[in-house]
Amino acid sequence: MVRTLALLMIGLLPLSAGLKNLTMRDALGMLDKKNLEIRVSQYDEVMKKYDEIAVEGKNWGSASITIQALRSNDAGNVFGFKLQSREADFGDFGFSDFLPCMGPTPPAYCRDILDRQPHDLNYPGARNHFLTKFHYEVPIYTGGKLSEYKKITQKLYEMSKLDTRKLRDEKIFQVKKAFYNITLVERYVTNLRKIRRNMLKLKKTILEMKKEGYTKKTDVLEIEARLAKVDSMLNQAKLNRTLAYQFLSFLLDTDVDSIRKVDLLIHAPKVTQADIERMSLDIRKAKMGLEVARHAIATEKANFLPMVGAFAEYGSADDHLWNDFAKKDFYTVGMQFKLNIFNGGSDKAKLEKARVRQMKVATQVELAKKGIALKVRKLETAIDSLEFDLRSEQKQLALAREIYRTYEAKYKEGLASITDVLIKQSAELQVLLEYLQVANRHSEKVFELEKILDMGGRS
């Protein structure tokens, strides 16, 4: 009975409970496997790798086998079929019409034998033809074009890996931001609940004082209105927390019910210009793009060099499939040399375009270096400013809380009105909101700096 009840209770549990008390470290560890956008980018990496393998395969040439099954009564085809099958005889040339002219009583047409149209040659019977052919061709010299193409595809593959890392940094940024937002909202909710408890105590005091005739009815109405406002703010905060959990669950493609709150005091990394150029994925990708542009110039130069290739062919033909294959086999080998000596200057134009593109990409690299450095410095300046604001807001919050406590005590002594108390309580809430907003902007700037420097997964 107990076992049955236990099984019944297990059956009533949700089929897929969300993660509880999830740490940021574990969440970041889940990203590579669970985030769908990262997985899509990883598929792009794999495709780029196959592009590189495909270009490498061109160096080894290509081999193919062709099997043809034909039937024809076309005179040219039938004669060609027999010849390719090594079965052609004099009868195929119409000697059945010529031989009677060699006898003692030649037919009349023998007087103009050269005008005679051989019937066997012009009107052969239909014939089957089965041709099996193996073909192999390989490039011997391409002016370096294939090797340069391989280098280009290698760089494109490396660039696709940087794209995945950049996307991963973005998702790390979003996960950290989600953890930080949830922690901030939790802190906000905690403070709101504390304020609400204090207000409930104050309301109780007001009601007791009202019984003694020391307060007015409007005092009760004011405190109830303020409680309703706090309840509304508390409900909105809870909704924001739910949205943050939903976004975190989307990022990890896994339901998350709760997290382990993170430390709100985060510090920005200090980096030099050399660190920026070494760590920034945008700068590294721009440098790879410059290398691709250089290889592209080499591929265009190859158009002015000769192309040399070789091929070999082996096969057999018969009116029956693979009949006497070795007896009727054939082969062909050869080489080809090709050099473009004139094409209206289009190759020259393509080469010059590639050189201009290299200069453009080189300029873009310098622009990326200066642009990323400027963005980093602006973020560092904003972070320093926000850290100063945070210290100021912390002092303002401590002051607002102390003022509220003072006015609450004065009200109990009849030295302040309930309106004064609620004004000070509103001021405390306002300062709390400003502090959390500054903390939110500060964390966002720090995480953005880590994202630019590819540091998100290292901290």
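Definitions and cut-offs
- Residues numbered from 1 in each chain as written.
- Predicted model: local features only at pLDDT ≥ 70, side-chain atom pairs only at ≥ 80, totals over all residues.
- Heavy atoms only, no water.
- Patch = residues over 30% accessible without salt bridge, like charges linked within 9 Å, V, L, I, M, F, W, Y side chains within 5 Å.
- Areas by Shrake-Rupley, 256 points an atom, 1.4 Å probe, with all protein chains shown as cover.
- Salt bridge = Lys/Arg side-chain N within 4 Å of Asp/Glu carboxyl O.
- Helix = DSSP H or I, 4+ residues; strand = E, 2+ residues; numbered from the N terminus.
- Buried < 20%, exposed > 50% of the residue type's maximum accessible area, 1.4 Å probe, protein only.
- Pairing = 2+ DSSP bridges.
- Axes fitted to C-alpha atoms, helices over the stretch in contact; angles between N-to-C directions.
- Contact = heavy atoms within 4.5 Å.
- Lys, Arg positive; Asp, Glu negative; His and termini not counted.
- Charge placed at Lys NZ, Arg CZ, Asp CG, Glu CD.
- Parallel < 35°, antiparallel > 145°, perpendicular 65-115°, else oblique.
- Left-handed = near helix turned anticlockwise from the far one by under 90°.
- Nonpolar A, V, L, I, M, F, W, Y, C, P; charged D, E, K, R; others polar.
- Expected span 1.5 Å × (residues − 1).
- Polar contact = N/O pair within 3.5 Å; in protein donor to acceptor, adjacent residues only side chain to side chain.

S.K.: Even after reading the chapter, I still don't get a nonpolar patch on the surface, so can you show me in this structure?
M.R.: A cluster of nonpolar residues, Ile65, Ile67, Phe134, Tyr314, Leu321, Trp322, Tyr331 and Val333, forms a patch on the protein surface that exposes about 870 Å² of accessible area. Taken together, the elements giving at least two residues each to the nonpolar patch come down to strand E1 (62-72) and strand E4 (329-338). The topology assignment puts phenylalanine 134 in strand E2 (residues 127-141). Look at phenylalanine 134 and you get partly exposed, because its relative accessible area is 37%.

S.K.: What's the story with the sheet that holds E1 in this structure? I'm lost.
M.R.: Adjacent strands of a sheet pair through backbone hydrogen bonds, lying either parallel or antiparallel. Read across the sheet, 4 strands follow the order E1-E2-E3-E4 without closing on themselves; strand pairing throughout is antiparallel. Of all strands in the sheet, those with a lone pairing partner are E1 and E4, marking the two edges. The sheet shows a mean angle of 20 degrees between the axes of neighbouring strands, direction not considered. Contacts from helix H4 (residues 75-84) reach E1, E2, strand E3 (307-318) and E4 within the one sheet, and its direction differs from that of E2 by about 65 degrees.

S.K.: Mind showing me how you'd approach a positive patch on the surface here?
M.R.: Judged by side-chain charge, Arg193, Lys194, Arg197, Lys201, Lys238 and Lys412 come together as a positively charged surface patch. In terms of residues, the positive patch owes the most to one element, helix H7 (residues 145-211), which gives 4 residues. Of note, arginine 193 is situated in helix H7.

S.K.: How should I be thinking about unusual backbone geometry in this particular structure?
M.R.: A negative phi holds for most residues other than glycine; trans holds for most peptide bonds. Even without being a glycine, tryptophan 322 presents a positive backbone phi close to 55 degrees. By secondary structure assignment, the location of tryptophan 322 is in the loop between E3 and E4. For tryptophan 322, a relative accessible area of 52% corresponds to the exposed category. In this structure, aspartate 454 is a non-glycine residue whose phi angle is positive, near 55 degrees. Its location among the elements puts aspartate 454 in the segment after helix H12 (418-452). By relative accessible area, aspartate 454 is classed as buried at 5%.

S.K.: Explain the environment of isoleucine 383 here, please?
M.R.: Within the secondary structure, isoleucine 383 sits in helix H11 (residues 346-412). Measuring from C-alpha to C-alpha, the distance between isoleucine 383 and alanine 268 comes to 7.5 Å, with 115 residues separating the pair along the chain. When near neighbours in sequence (up to four residues on either side) are disregarded, isoleucine 383 contacts Ala268, His442, Lys445, Val446 and Leu449.

S.K.: When you look at the side chain of glutamine 174 in this model, what are you seeing that I'm missing?
M.R.: Examined against the element boundaries, glutamine 174 turns out to sit in helix H7. Residue classification places glutamine 174 among the buried residues on the basis of a relative accessible area of 16%. Once residues lying within four places of it in the same chain are set aside, the contact partners of glutamine 174 are Phe247 and Leu251.

S.K.: Hey, could you run me through the packing of H7 against helix H10 (residues 281-301) in this one?
M.R.: In a packed pair of helices, the relevant descriptors are the angle between the two axes and the axis-to-axis distance. The interhelical angle for the contact between H7 and H10, taken along N-to-C directions, is 165 degrees, at an axis separation of 9 Å. Considering their axes alone, H7 and H10 lie roughly antiparallel with respect to each other. For the crossing formed where H7 meets H10, the hand is left-handed. Looking at the contact of H7 with H10 residue by residue, the class counts come to 9 nonpolar, 3 polar and 13 charged.

S.K.: Any chance you could explain helix H8 (residues 217-252) here in plain terms?
M.R.: Residues that lie three or four places apart on an α-helix share one face, since the helix turns once every 3.6 residues. Across its 36 residues, H8 extends 53 Å between first and last C-alpha, which sits within 8% of the 52 Å expected from 1.5 Å per residue. After H8 finishes, the residue aspartate 253 shows a positive phi value of roughly 50 degrees.

S.K.: Looking at this model, I keep getting lost on the pattern of salt bridges. Mind explaining?
M.R.: Two side chains with opposite charge may pair up if their charged atoms get near one another. One pass over the full model with this rule turns up 29 salt bridges. Note that glutamate 52 is salt-bridged to lysine 49, the shortest N-O span being 3.4 Å. Remark: lysine 49 and glutamate 52 occur in helix H3 (residues 36-58); sequence separation between them is 3 residues, near one turn of the helix. Under the relative-accessibility criterion, lysine 49 is labelled partly exposed at 31%. Among the salt bridges present, the one from aspartate 163 reaches lysine 285, with a minimum N-O distance of 2.5 Å.

S.K.: So what exactly am I meant to see when it comes to the side chain of serine 316 here?
M.R.: Relative to the elements of secondary structure, serine 316 occurs in strand E3. Within polar-contact distance, the side chain of serine 316 engages the backbone oxygen of phenylalanine 325 at 3.0 Å. When near neighbours in sequence (up to four residues on either side) are disregarded, serine 316 contacts Phe130, Leu131, Thr132, Asp324, Phe325, Lys328, Asp329 and Phe330.

Coordinates in, geometry out; function isn't part of it.
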